[in-house]
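Residue-level listing of the chains:
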Amino acid sequence: MAENNNNEAVKNALNDFLPITASRKGKWWYSAFHNVTAMVGAGVLGLPLVLARLGWTPGIIIMAVSWLMTWYTVWQLIHLHESDTGQRFDRYTELGQHAFGPKLGVWLVMPQQLVVQIGSNIVYMVTGGKSLQKSLSMITPKADFRKTYYILIFASIHLVLSQCPNFNSLKIISLTAAVMSIGYSMVATGASIWKRLAFPHVVHYGFRATTTSGIIFDIFSSLGVLAFAFAGHSVALEIQATIPSTAEKPCRKPMWDGVKVAYLIVGMCYFPVAISGFWAFGNEVEDDVLLSLERPNWLISLANLMVFVHVIGSYQVFAMPVFDKIEGALIQNWGCAPSRRLRLIARSIYVVLTALVGIIVPFFGGLLGFFGGLAFSSTSYIIPSAVWLKVRQPKPWSLHWIACCVSISIGVAITIVAPIGGLHEIIVSWKSLTLFS
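Criteria and thresholds
- Residues numbered from 1 in each chain as written.
- Predicted model: local features only at pLDDT ≥ 70, side-chain atom pairs only at ≥ 80, totals over all residues.
- Heavy atoms only, no water.
- Helix = DSSP H or I, 4+ residues; strand = E, 2+ residues; numbered from the N terminus.
- Buried < 20%, exposed > 50% of the residue type's maximum accessible area, 1.4 Å probe, protein only.
- Contact = heavy atoms within 4.5 Å.
- Areas by Shrake-Rupley, 256 points an atom, 1.4 Å probe, with all protein chains shown as cover.
- Axes fitted to C-alpha atoms, helices over the stretch in contact; angles between N-to-C directions.
- Left-handed = near helix turned anticlockwise from the far one by under 90°.
- Nonpolar A, V, L, I, M, F, W, Y, C, P; charged D, E, K, R; others polar.
- UniProt positions renumbered as here; feature names shortened; annotations may be inferred.
- Core = buried A, V, L, I, M, F, W, Y, C linked by side-chain atoms within 4.5 Å.
- Patch = residues over 30% accessible without salt bridge, like charges linked within 9 Å, V, L, I, M, F, W, Y side chains within 5 Å.
- Salt bridge = Lys/Arg side-chain N within 4 Å of Asp/Glu carboxyl O.
- 1 Å grid on protein atoms, 1.4 Å probe; cavity = no way out; pocket = protein on both sides within 12 Å on 5 of 7 lines; lining within 4 Å.
- Points joined across faces, edges and corners; volume = space filled by probe spheres on them.
- Phe/Tyr/Trp six-rings, centres within 6.5 Å; stacked < 30°, edge-to-face > 60°.
- Lys NZ or Arg CZ within 6 Å of the ring centre and 35° of its normal.
- Parallel < 35°, antiparallel > 145°, perpendicular 65-115°, else oblique.

**A closer look at the overall build of the chain**
Item 1. Counting its secondary structure elements, the chain contains 16 helices and zero strands.
Item 2. Counting across all 437 residues of the chain, residues that qualify as buried make up 56%.
Item 3. Of the contacts made within the chain by residues no fewer than 6 positions apart, 85% connect residues no fewer than 24 positions apart.
Item 4. Only carbon and sulfur atoms are counted for the fraction: they give 68% of the accessible area of the chain, which is about 18300 Å².

**Examining the packing of helix α9 (residues 171–198) against helix α13 (residues 297–334)**
A pair of packed helices is characterised by two quantities: the angle between their axes and the separation of those axes.
Item 1. Relative to each other, α9 and α13 sit at 145°, their axes nearing to 8 Å. In this structure, α9 crosses over α13, and the sense of that crossing is left-handed. Contacts from I173, S174, T176, A177, A178, M180, S181, G183, Y184, V187 and A191 in α9 reach L299, I300, A303, M306, V307, V309, H310, G313 and V317 in α13.
Item 2. Residue composition of the contact of α9 with α13, by class: 14 nonpolar, six polar and no charged.

**As for the UniProt feature "transmembrane region" (unreviewed entry) in the chain**
Item 1. Mapped onto this numbering, the UniProt entry annotates "transmembrane region" (unreviewed entry) at residues 28–52, 59–78, 172–194, 214–240, 261–282, 302–323, 344–364 and 401–423.
Item 2. Span residues 302–323 is 100% helix and 0% strand, its end C-alpha atoms 31 Å apart.

**A look at the nonpolar core**
Item 1. Membership of the largest hydrophobic core comes to 111 residues, with the highest contact counts inside it found for L47 and Y270.
Item 2. Ranked by residue count, the leading element in this core is α13, at 15 residues.

**Here we look at a nonpolar patch on the surface**
Item 1. A contiguous nonpolar surface patch, about 340 Å² in accessible area, is contributed by F145, Y149, L152 and I153.
Item 2. Of note, Y149 is situated in helix α8 (residues 147–161).

**A closer look at unusual backbone geometry**
Item 1. Phi at Q393 is positive, roughly 50°, even though this residue is not glycine.
Item 2. Tracing the backbone through its elements, the reader meets Q393 in the loop between α15 (364–391) and α16 (399–430).
Item 3. Here the phi dihedral of W397 falls at roughly 70°; this positive angle occurs in a residue that is not glycine.
Item 4. Along the chain, W397 falls in the loop between α15 and α16.
Item 5. Its relative accessible area of 67% is what places W397 among the exposed residues.

**Side note on the layout of surface pockets**
Item 1. One number sums up the size of the largest pocket: a volume of about 960 Å³.
Item 2. If one sorts the elements of the lining of the largest pocket by residue count, α13 sits on top with eight residues.
Item 3. Split into classes, the residues belonging to the lining of the largest pocket amount to twelve nonpolar, eight polar and ten charged.

**Some details on the packing of aromatic side chains**
Item 1. Per the counting criterion, the structure on display carries 18 aromatic pairs.
Item 2. Relative to F308, the ring of F154 has its centre 5.7 Å away and its plane inclined at 65°; by these criteria the two rings are edge-to-face. With a gap of 154 residues between them, F154 in helix α8 and F308 in helix α13 connect regions that are remote in the sequence.
Item 3. Classification of F154 by relative accessible area gives buried; the value is 0%.
Item 4. Arranged with centres 6.3 Å apart and planes meeting at 85°, the rings of F154 and Y315 form a pair that is edge-to-face. With F154 in helix α8 and Y315 in helix α13, this pair connects stretches of sequence that are 161 residues apart.
Item 5. These aromatic residues form a ring-pair network of at least three members: W67, W71, W256, Y263 and F271.
Item 6. Positioned over the ring face of F199 is K195, at 5.8 Å from the centre of the ring.
Item 7. Taking NZ or CZ as reference, R196 lies 5.0 Å from the ring centre of W279, over its face.

**Looking at the packing of helix α11 (residues 233–240) against α13**
Item 1. Contact geometry of α11 with α13 gives a least axis separation of 10 Å together with a crossing angle of 70°. Considering the angle they form, α11 stands roughly perpendicular to α13. Note on element contacts: α13 touches α11 through V317, F318, P321 and K325, opposite S234, V235 and E238.
Item 2. Tallied by class, the residues present in the contact of α11 with α13 amount to four nonpolar, one polar and two charged.

**Focus on the environment of V109**
Item 1. With respect to the helices and strands, the residue V109 is situated in helix α7 (residues 104–139).
Item 2. Given a relative accessible area of 1%, V109 falls into the buried group.
Item 3. Separated by 17 residues in the primary sequence, V109 and Y92 place their C-alpha atoms 7.0 Å from one another.
Item 4. When near neighbours in sequence (up to four residues on either side) are disregarded, V109 contacts Y92, T93, G96 and I383.

**Remarks on the environment of E82**
Item 1. Structurally, E82 is set in the loop between α5 (56–80) and α6 (92–100).
Item 2. In this structure E82 comes out as buried when scored by relative accessible area, which is 13%.
Item 3. The sequence separation of E82 and S245 amounts to 163 residues, and the corresponding C-alpha distance is 9.3 Å.
Item 4. Excluding residues that lie within four positions of it along the chain, E82 makes contacts with Q87, R88, F89, S245, P250, C251 and R252.

Okay, structure coming up:
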């Protein structure tokens, strides 16, 4: 009995230090802007290219299905966060262990989740550097120096922000990022419409690629970009962990309230940006629609600056669960003492490594497709529904059973084909790359 009490005390002390469980003072609106920050990021800027590769009707239908299906699967995660006995699964891996066992659950969930979170941080390093470069170079030609330097500026900011102790300490950063995401989505939509109306020109809406193989690879990559655009599932349980819960007031209600608001904002950002960007530029649209927009100078510069501020918040939201895993492993498996020194060293090394990879592989579109297919589809489509089938065991051919099977099937299909398209795009882009440019 004494040993059990001691183990429980050690576990509680660890949770009081780790960033996911250190503070449980979250509100429903924290959930809203954390989820907006996690979703409306790099993915939204690539959606016009998705329509360019898939076409008007297939593209909009697939976007709508993705939006509705991922809304359903995040609802599943929210309701799986607490068991019938009141036990909370504060981390995605803990839910996996609950469903599939202590060892299998970890290996089914943790690698996928880490690929999503680390992949997002790498993409945000590239996005942050490109956006700051674009913003400043549109104001003054003197600021148009190597993209590598801008990525290093972005990384330097995160060396400081990464020392925020826990998830709730990010609330102001995350709120600012959420506001910025709405702002640049509105600018991208408005500027695209203005561009088409003010400067009429011939726009081609056929397939972007000219060969059959090219079209197939583009379709594959686009599915990965869509999976990347709905990436909040990998941090949903960790966000919910910051909300207090009692038998009378379980945390699923405020979390769901926040997610409903977030998903409505996501829809209001995604569809207008995708449709207006494709309408304005057709199949010539860039993989980042803001790169296709040049006028008015000050507005596009401002939009890129908004993207830069937004991905600062997005990076931290996706990095916090990674910090949690790193620090937990160092304390439990390596005997490190929980301290500020541990936090400083571990988190700084992580920031530097993601910056280095971002500098070496600065391919925005290819990275979206590759990472989106490799793991985002698993954490957003496959794992939530697989856990629901295992834990809740809905009756065969019931509504939830059918929805779970459809979600898993979509996720498996994206997992198979999207990394192929993304990798193809990276290989093609690599041929014209000058390293550390």
